[in-house]
Structure formats: structure tokens, C-alpha cells
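So you can see what is in the structure, the chains are spelled out below.
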Amino acid sequence: VVRVTPMPASPLGLTLSSDGASLYVTCAAPTSTVCIVNTATGKIAATIPTGHTAMAPVLSPDGRTLYVCNRFDDAVAIIDLGRRREVARVKVAREPIAAALTPDGRSLLVAHHLHHGRADAEFVAASVSVIDTARARVAKEIQLPNGSGLLRDVAISPDGKFACVTHQLSRFQLPTTQLDRGWINTNAFSVIDIARGELLNTVLLDNVSRGAANPWAAAWSADGRTICVTHAGTHELSIIDAGALLAKLLALPSTAEAAAALGDSGGGRSAADVPNDLTFLVGLRRRINVEGIGPRAVAFAGSKVYVANYFSDSLSVIDLAIPARAATAIPLGPKSEMSVVRTGEMLWNDASICFQGWQSCSSCHSSDARVDGLNWDNLNDGIANPKNAKSLLFAHRTPPAMWTGVREDAPMAVRAGIKHILFTVRPPEDAVALDRYLESLQPIPSPRLVKGKLSAAAQRGQKLFASDATACARCHTGALFTDLKLYDVGTAAVFDLPAEEFDTPTLVELWRSAPYLHDGSAATVRDVLTTRNRWNRHGVTRQLNAPQLDDLAEYLLSL
């Protein structure tokens, strides 16, 4: 390390100008900043304001335009670097977290961290938006396979023909009875045919008896021959023969019937089989340890691959020209003792403590202990009655735990999760560290706030919320907006027990925890107040007119 440049807020993304003179850094905050760093001096030469939690900056080929994902605005900002200001904003589906531009600069592919619909549907998956940069609009939405979520990165081949997107492929339709062979979660990357604007296929990164949890970053070598994917949960790097992979995918018959017609020459495998095939990458991929903890970024420099390790504060260096050589490490600062909270965060994201490395705690609650937007059939309250994954913000302050209160409190749920979700036994201090990490979580200000305060509509909604007429505040009371009790709110579904009672969740950070209710049957807060509240059991809202419902929803989404 030869220089350190302080940033005004968390730097969640960076990109370098083609001449190497300027480094563009997205510093994430409710009102984020793009810092332009002079690489010769290491000083911040200029700043540009942008939206909520800016990340994944991408430069246009001519260096005149910067595209920035504003994650919690559900939007991509277009910044004119000559004028040093945002000139347009393109709305996208939900939580844009990564982006990549085709070499001709015409199409920006944007990966969404989460899906944006109900969780109780047969098909639930996140998507990739394709933005037409000339028109500044979404030209196409590419749907990933059922169960795709927690997208992290997108990388485009040098010839601009294909893109790969890292994500989880969750088997949420199955009860969580075992981990073997990816029964609960598999880990994948999807290949997109850019010219056709469609998914080519989704490939599993796991082996038959060894998961490759939490795929995070992806990079394509300059010669197009190699794709690298980091596994943040198992602390590894997959090195994939891109040419052989694409040739294999393109040669597959589209259906099982077509594969059968080919006989032995087809190998019996069709394109439809690939997302369930734990052997597809055999012979096409090397999987190596990065000698670091939590690899979350990857970049090529000639034959060398650099991997940034979030929890060990180091860079790993892998020389692809010398396959037998192990990864070496470059420390990014003096080694320091991890605090208990930091240790808990590391364990939260660590799949190496899980049976066969299939998943980590973050595989169902994301890396910051919020939501994945899916319903899971955990066994703590029976079988065949899936429940929506809850945000764990304030979980230790709002007992009981789980939707039906089957765990007395969050510490009990943490220990049950280690045993019944990770299928492992850990030292008691690990559970304590996880407790301390979850207790340390703080809410992020809502993107609905105006300069940190409620909008006029939200203020009107606040009065409705507090009124006796709606009775919202009778149960959602106090600083955390919950009385800690369970109620029959009339939302029990066909697989729930009759008149089953459900936890009154905190409403803090409600804006980022969709879909809503115990079964994820409400895609929006307005759905909670209308179509999923026919009996007025969670708020008396049937008498409200459309503008009042809008105001009430605006207030709830501002908390």
C-alpha cells in the first residue's frame, strides 16, 4: 500500500478512467457522493451528489458519462462528467446492486439484488434490466430462473456477446430437512446472451458434496478466455474456461426429448437440466482457496487475478500463468484483533462453518441480516407451511422470534439456526458473537424521507396511523412500533393452522423488507392495507379513500 485516500462515506464501488488519471468512487449514504480522485496526487478533485446508497459506477467508453446504481432509490443515475452533475435517472425493478456496460456503450446491464413481487407465487426470482443508454430507459427485463436471488455482480465478455451474473439459486419450494446436494440453497451464475436479450442458461458453482456458498464478484479476462467468480462464503475462487463453457452450453439440445433423440451422442443432458446439474463444470473449472476471508471483489491484471478479502483486510494474488502456485496475500493495513461484533458479522457470512459449505446465515437474510424476499418451510412450526424470511433488525429487542413466536427470543433462534439450518455444532462463543452482531444493526434512513424528514404526504399518513379510527398504533406502538404480541390478523392461508396468530413485527425499515406478511402475500404496503386486509384486522383501513391510503402507505414506508 503506497497511499490511502480518506472518503466521506463508505466507498462501495470504484472505476478508473482509461488514461488512469481519475478514479471515480461511489461513497454510499442516504445522499451519496461520487468522488473524483486525482490518482497522481491521491486527492479528491471534485464531488458529485447522487442518490441513496450509490454503488457500482460504470464509465462510458468515451469517458464522458458515469452510470451509478442508487440501490435504495431503485434507480440508475446518469452523470454527465463534463458538467459534473446528474442529468437523468432511470427507474429499475428493485435494489440495483451491480452494472456492466457493453463495449459499444449501447446497453447497460443492471443486476437487481432481490425480486419485487409476492413470495407466495409459484415463480419467484430476481431479474436483470437492460438499459438503452441512448434513450435512458429500460429496454428489456431478463428473468432469471425460479429461486434466483441475492444477485451480486454482472460481468460482460470483451466481445460484448455474453454476460455472467452471480446469484443464489434457492430451492425454497422444499422443506429445510437437509443440506446435501444443495437441497436448500445452490450457488450459481447465469449466462446471458446479450444480442438476443435472453438468458442462455444458469450454471451451478457447487460440487456434488461441497457447496460454493455466496457467489459474489465476477470478472472476465481481457482475452475472453477466463471467467473468475469469488465465493464469499467458502473463501474461494472459481477459475472457469469461458470458451469451453460457452461451447458446452450452446451445443446442448433445448429439451429432454431432443436430447433423447440424439442418443448417446447427446449425453442425455438438455439445456433444461443445467440449473440442477452439480457436475456441469467438471473439467471446466478450477476451484482454489484465496488465502483470505470473505472474497468480495475480483479483477484481472494480465495473467494475475486480484481478490479483495473483506474480513481479512487483504488482497489475494493468483497468477494464472503458474497454476501450481498458491495464492499470495498483500495486507491492506496492520493486522488488528477482531471485535466481537466484527467476528459475529464474519460468522454471519461464513459458510465454512456450515455442513459442506452450502450456505451461511446470509444465504437467507443477505449479508446485512435483512431479507431475501423468499418464503421458507422451516421445521420449527411444522411442515408445508412456509414463512417469509424476516429482517433481523431489532430482533434481539422484539421477542418472541419467528412469525409464530415458536422461539422465545432471538438468542434461542440464533442457536437453533446453527443446529437446524447450518446443520453444525459450534463453540458457544460463536453464538454470542452472532448475538452481538445482530444487536449492533442500525436502521438505514428511508429513501422516502425529504432531507431526513417526513414528506407532507407522510405527515398526513402519520396522523392517520395514530388515529383511533385506523387503530394502527394500538399494536404497532412505541419506538419500535410493536407491542411484542401475537394476533390473528386474518391472513392465515390454506397451509396455516386455523385462526393462527402471528407476530406483530417492528415497522422500522419497513420500506426495505418487502414482500409483507407472514407468507409474503403482499407485494406492497398498499396491498397490506387493502387486498390483504379484508377483515380490518391489521388496521381499520376499509373506510379510507385512495388518497388516504396513499398517505398512510407513504408514512409507513418512511419509517
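Enquirer: An account of the overall build of the protein is needed here, citing residue identities and associated values.
Expert: Each helix and strand counted, the protein has ten helices and 28 strands in total. A globule of 559 residues ought to have a C-alpha radius of gyration of about 24 Å, and the protein, at 24 Å, matches this closely. Here the protein, with 559 residues, has 55% of them falling under the buried criterion. Here the contacts in the protein between residues at least 6 apart in sequence split such that 52% fall between residues at least 24 apart. Surface summary for the protein: the accessible area is close to 24,100 Å², and the carbon and sulfur share equals 55%.

Enquirer: Summarise the packing of helix H5 (residues 410-420) against helix H6 (residues 428-440); cite the residues concerned and give the values.
Expert: In helix packing, the relevant descriptors are the interaxial angle and the interaxial distance, both defined with respect to the helix axes. Across the interface, H5 lies against H6 with an axial gap of 10 Å and an inter-helix angle of 130°. In terms of orientation, H5 lies oblique with respect to H6. For H5 against H6, the interelement crossing comes out right-handed. In this structure, H5 uses Pro411, Val414, Arg415 and Ile418 to contact H6, whose residues at the interface are Ala431, Val432, Leu434, Asp435 and Leu438. Split by residue class, the contact of H5 with H6 holds seven nonpolar, no polar and two charged.

Enquirer: Mind laying out the environment of Leu392, listing which residues take part and the relevant values?
Expert: Here Leu392 lies in the loop between strand E26 (387-388) and H5. Measuring from C-alpha to C-alpha, the distance between Leu392 and Leu438 comes to 7.1 Å, with 46 residues separating the pair along the chain. Each residue touching Leu392, except ones within four places of it in the same chain, is listed here: Trp348, His365, Ala369, Arg370, Leu438 and Leu441.

Enquirer: Now, about the side chain of Glu500: what can you tell me, with residues and values included?
Expert: Positionally, Glu500 belongs in the loop between strand E27 (486-487) and strand E28 (502-503). Buried charged residue Glu500 carries no salt bridge. Nearest counter-charge: Lys387, at 4.9 Å. A distance of 3.1 Å separates a polar atom in the side chain of Glu500 from the backbone nitrogen of Leu497. If near-sequence neighbours (up to four positions away) are discounted, Glu500 is found in contact with Thr404, Tyr487, Asp488 and Ala492.

Enquirer: A description of helix H1 (residues 242-251) should follow, citing residues and the corresponding values.
Expert: Along H1, the residues classified as buried are Ala242, Leu245, Leu246 and Leu249. Here the buried residues of H1 occupy an arc of 95° about the axis, which is enough to place them on one side. Sitting at the amino-terminal end of H1 is Asp241, which places a side-chain oxygen 3.3 Å from the backbone nitrogen of Gly243.

Calculation criteria
Residues numbered from 1 in each chain as written. Predicted model: local features only at pLDDT ≥ 70, side-chain atom pairs only at ≥ 80, totals over all residues. Heavy atoms only, no water. Helix = DSSP H or I, 4+ residues; strand = E, 2+ residues; numbered from the N terminus. Rg over C-alpha atoms; globule rule 2.2 N^0.38 Å. Buried < 20%, exposed > 50% of the residue type's maximum accessible area, 1.4 Å probe, protein only. Contact = heavy atoms within 4.5 Å. Areas by Shrake-Rupley, 256 points an atom, 1.4 Å probe, with all protein chains shown as cover. Axes fitted to C-alpha atoms, helices over the stretch in contact; angles between N-to-C directions. Parallel < 35°, antiparallel > 145°, perpendicular 65-115°, else oblique. Left-handed = near helix turned anticlockwise from the far one by under 90°. Nonpolar A, V, L, I, M, F, W, Y, C, P; charged D, E, K, R; others polar. Lys, Arg positive; Asp, Glu negative; His and termini not counted. Salt bridge = Lys/Arg side-chain N within 4 Å of Asp/Glu carboxyl O. Polar contact = N/O pair within 3.5 Å; in protein donor to acceptor, adjacent residues only side chain to side chain. Arc of directions from axis to C-beta.

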